[in-house]
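Spelled out, the chains give:
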Amino acid sequence: MDGNMDKIPRATRQETLATLVSLTWYFCSGTSNSAEKAQNFKEGAFLIPRDFFTLVQHYLKQVEADGYSIEGWYRGPNPFAYYRTSSHLKKITKNRHIGIDICFDKKHGTQALLPGRKRHLLFIDYGDAEFIYMKPENYGIYGIFDAFLHGAEFIIEALGRIGPIRTLFRMKHDDHPIYHKEQIPADIKKAYHGLLRACGINRKSEDYVKYRNSISAMYDHAQILKTNLPIKRTEISEFTSLLESRFTYPTKRIGNEIIIASTKDLEPCRYTCHENMLVFQTTRA
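Thresholds, definitions, all that
- Residues numbered from 1 in each chain as written.
- Predicted model: local features only at pLDDT ≥ 70, side-chain atom pairs only at ≥ 80, totals over all residues.
- Heavy atoms only, no water.
- Axes fitted to C-alpha atoms, helices over the stretch in contact; angles between N-to-C directions.
- Helix = DSSP H or I, 4+ residues; strand = E, 2+ residues; numbered from the N terminus.
- Parallel < 35°, antiparallel > 145°, perpendicular 65-115°, else oblique.
- Left-handed = near helix turned anticlockwise from the far one by under 90°.
- Contact = heavy atoms within 4.5 Å.
- Nonpolar A, V, L, I, M, F, W, Y, C, P; charged D, E, K, R; others polar.
- Buried < 20%, exposed > 50% of the residue type's maximum accessible area, 1.4 Å probe, protein only.
- Expected span 1.5 Å × (residues − 1).
- Pairing = 2+ DSSP bridges.
- Salt bridge = Lys/Arg side-chain N within 4 Å of Asp/Glu carboxyl O.

Student: Would you mind going over the packing of helix α1 (residues 13-29) against helix α3 (residues 53-65) with me for this structure?
Tutor: Where α1 contacts α3, the axes come no closer than 9 Å and their chain directions differ by 150 degrees. Viewed along their axes, α1 and α3 adopt a mutual orientation that is roughly antiparallel. Read as a crossing pair, α1 and α3 show a hand that is left-handed. For the pair formed by α1 and α3, the contact residues are Arg13, Thr16, Leu17, Thr19, Leu20 and Leu23 on the first element and Leu55, Val56, His58, Tyr59, Gln62 and Val63 on the second. Grouping the amino acids of the contact of α1 with α3 by side-chain chemistry returns seven nonpolar, four polar and one charged.

Structure below.
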């Protein structure tokens, strides 16, 4: 993150995977300088500097060099990394998604070595010049066991978006404080819809379809409206002030994910990386 990507350990496939796992611990714990925060990690997504995508691509090449196809888990027995589908960012990009299972060797299978005992990392190059998307997930889609649990989890999460079912089973909503997902919080959507009504814009309009899918797009839309509708400057300013006070990087944000643009967004806890690297090396041995 400080321009020293060439110093990241990545000589072998196992070493690169250990580095990816270690960096995930760093991102999950660094905002509070506490490894405890990473251990208590539940659900969340990150926008991380695009430089790290070179590390992901490097790992894919190492997997291929070991004789595995990354074109999809269905093409052959690849328990390490592969292109995959997911339900994330579908309205933002058509780019392929990359799944990395936390698997050092086929004999041991996937291991719950990520924060929150997760076993999989999802990466999406969604077209932003500065960031890539990263989400630690409980399971990947390779192997009957992981694929089944991944599918079951997806169904449960989809049902949880239905209000009565969520209330009946006391399921947590995506807006719950312990989550940091890329979904736009309900109150922000409501505020944006209120702004559109105030500006006389129908929710079936092309503008709504164009700007509704991310907070950064909503923010950009508000700036355009401020120029085109000076009579509504007060309402527009209230909306932009809401975004600016609620979120860091409102001009870059998809939803309520965690954005890490540089080390200033982290209170460094490099001991976490070091200690977990030793754990991973011991586990592999």
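Next comes the rest of the write-up.
Student: I'm lost on unusual backbone geometry in this one. Help?
Tutor: Peptide bonds are mostly trans, and most non-glycine residues show a negative phi. Of note in this structure, Arg117 is not a glycine but carries a positive phi near 60 degrees. For Arg117, a relative accessible area of 62% corresponds to the exposed category. Positive phi is not limited to glycine here, since Tyr249 has a value of about 50 degrees. With respect to the secondary-structure elements, Tyr249 resides in the loop between α9 (233-246) and β8 (258-259). On the basis of relative accessible area, Tyr249 is assigned to the partly exposed category, the value being 23%.

Student: Teacher, can you tell me more about α3 here?
Tutor: Because the α-helix completes a turn every 3.6 residues, residues three or four places apart line up on one side. When the terminal C-alpha atoms of α3 are compared, their 18 Å separation across 13 residues agrees well with the 18 Å that a helix rising 1.5 Å per residue should span. Residues of α3 that are buried include every one of Phe53, Leu55, Val56, Tyr59, Leu60, Gln62 and Val63, and no others. Gly67, located one to two residues past α3, shows a positive phi value of around 95 degrees.

Student: Could you clarify how one ought to interpret the pairing of strand β2 (residues 46-49) in this entry?
Tutor: Consecutive residues of a regular strand have side chains that alternate between opposite faces of the sheet. Direction of pairing for β2 relative to strand β6 (residues 131-137): antiparallel, over a ladder of four bridges. If you follow Leu47 over to β6, its bridge partner there is Tyr133.

Student: Can you walk me through the pattern of salt bridges in this structure?
Tutor: Two side chains bearing opposite charge may form a pair once their charged atoms approach each other closely. In this structure the tally under the stated criterion is nine salt bridges. The shortest N-O distance in the salt bridge between Arg96 and Glu71 comes to 2.9 Å. On the criterion of sequence distance, the pair formed by Arg96 in the loop between β3 (81-84) and β4 (97-101) and Glu71 in the loop between α3 and β3 is long-range, its members being 25 residues apart. Relative accessible area serves as the criterion here: at 48%, Arg96 is assigned to the partly exposed category. Because the salt bridges share partners, they merge into one network encompassing Glu43, Lys118 and Lys135.

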